[in-house]
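Structure assessment
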Amino acid sequence: MTPPLPAHDPRLYRVTDAMHLLSLSRSVIYELLRSGRLRSVTQGGPGSAPPQP
C-alpha cells in the first residue's frame with residue numbers, strides 16, 4: 001500500500017485508486033463523478049492522437 005497523499009496533491013487518479021484512497025465503492029465513485037462532486041478528466045479516446053504524416 002502507498003502512504004496517504006496530501007489533499008492538495010495535483011495528480012490524477014484512476015477510479016480504482018480513488019476507491020482505495022476514499023474507501024468508497026466503484027458505484028459511489030461514479031455517482032460522485034456524475035453529480036459533479038468529483039471532477040474527471042478524459043485521457044485518450046478516439047481521435048485524440050494527431051494525424052501521422
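Everything discussed here concerns the structure shown above.
Residues numbered from 1 in each chain as written. Predicted model: local features only at pLDDT ≥ 70, side-chain atom pairs only at ≥ 80, totals over all residues. Heavy atoms only, no water.

Structural notes on the overall build of the protein chain
The cut-off we apply is this: Working definition: helices are DSSP H or I runs of at least four residues, strands are E runs of at least two. Numbering for both runs from the N terminus. Residue exposure (1.4 Å probe, protein chains only): buried if accessible area is under 20% of the type maximum, exposed if over 50%, otherwise partly exposed. Only the protein chains shown count as covering a residue, and every accessible area follows the Shrake-Rupley method with a 1.4 Å probe.
Of the regular secondary structure elements, the protein chain holds 2 helices and 0 strands. Across the 53 residues that make up the protein chain, the buried fraction comes to 9%. As presented, the protein chain carries roughly 5,100 Å² of accessible surface, and 57% of it is formed by carbon and sulfur atoms.

Brief notes about the pattern of salt bridges
Filter applied, for reference: Here a salt bridge means any side-chain nitrogen of Lys or Arg lying within 4 Å of a carboxyl oxygen belonging to Asp or Glu.
Tallying each qualifying case throughout the model produces 1 salt bridge. Glu 31 is paired through a salt bridge with Arg 34; the nearest N and O atoms lie 3.3 Å apart. One end of the pair is Glu 31 and the other is Arg 34, both in helix H2 (residues 26-35) and 3 residues apart, which spans about a single turn.

Side note on the packing of helix H1 (residues 15-22) against H2
Test applied: Interaxial angle, 0 to 180 degrees, is taken between N-to-C directions of lines fitted to C-alpha atoms, where a helix line uses only the stretch in contact. Put simply, angles under 35 degrees are roughly parallel, angles over 145 are roughly antiparallel, angles from 65 to 115 are roughly perpendicular, and the rest are oblique. We call two residues contacting when some pair of their heavy atoms lies within 4.5 Å. In the scheme used here, Gly and all other residues not listed as nonpolar or charged are polar, with Ala, Val, Leu, Ile, Met, Phe, Trp, Tyr, Cys and Pro taken as nonpolar and Asp, Glu, Lys and Arg as charged.
Where H1 meets H2, the closest approach of the two axes is 9 Å, and the angle between their N-to-C directions is 105°. In this view, H1 runs roughly perpendicular relative to H2, as classed from their interaxial angle. Where H1 abuts H2, its residues Val 15, Thr 16, Ala 18, Met 19 and Leu 22 lie against Arg 26, Ile 29 and Tyr 30. Of the residues belonging to the contact of H1 with H2, the class tally is 6 nonpolar, 1 polar and 1 charged.

Some remarks on the environment of Ser 35
Counted only if it meets this: Pairing of N or O atoms within 3.5 Å defines a polar contact, subject to two protein rules: one partner must be a possible hydrogen donor and the other a possible acceptor, and residues neighboring in sequence count only if both atoms are side-chain atoms.
Mapping Ser 35 onto the fold places it in helix H2. A distance of 3.5 Å separates a polar atom in the side chain of Ser 35 from the backbone nitrogen of Arg 37.

Concerning H1
What counts here: The directions from the helix axis to the C-beta atoms are what the arc is built from.
Listing the buried residues of H1 in full gives Val 15, Ala 18 and Met 19. The buried residues of H1 occupy an angular sector of 105° when projected down its axis, which confines them to one face. On the buried face of H1, the contacting elements are H2. Downstream of H1 by one or two residues, Ser 23 has phi in the positive range, about 55°.

Purely geometric stuff here, so don't read any function into it on its own.
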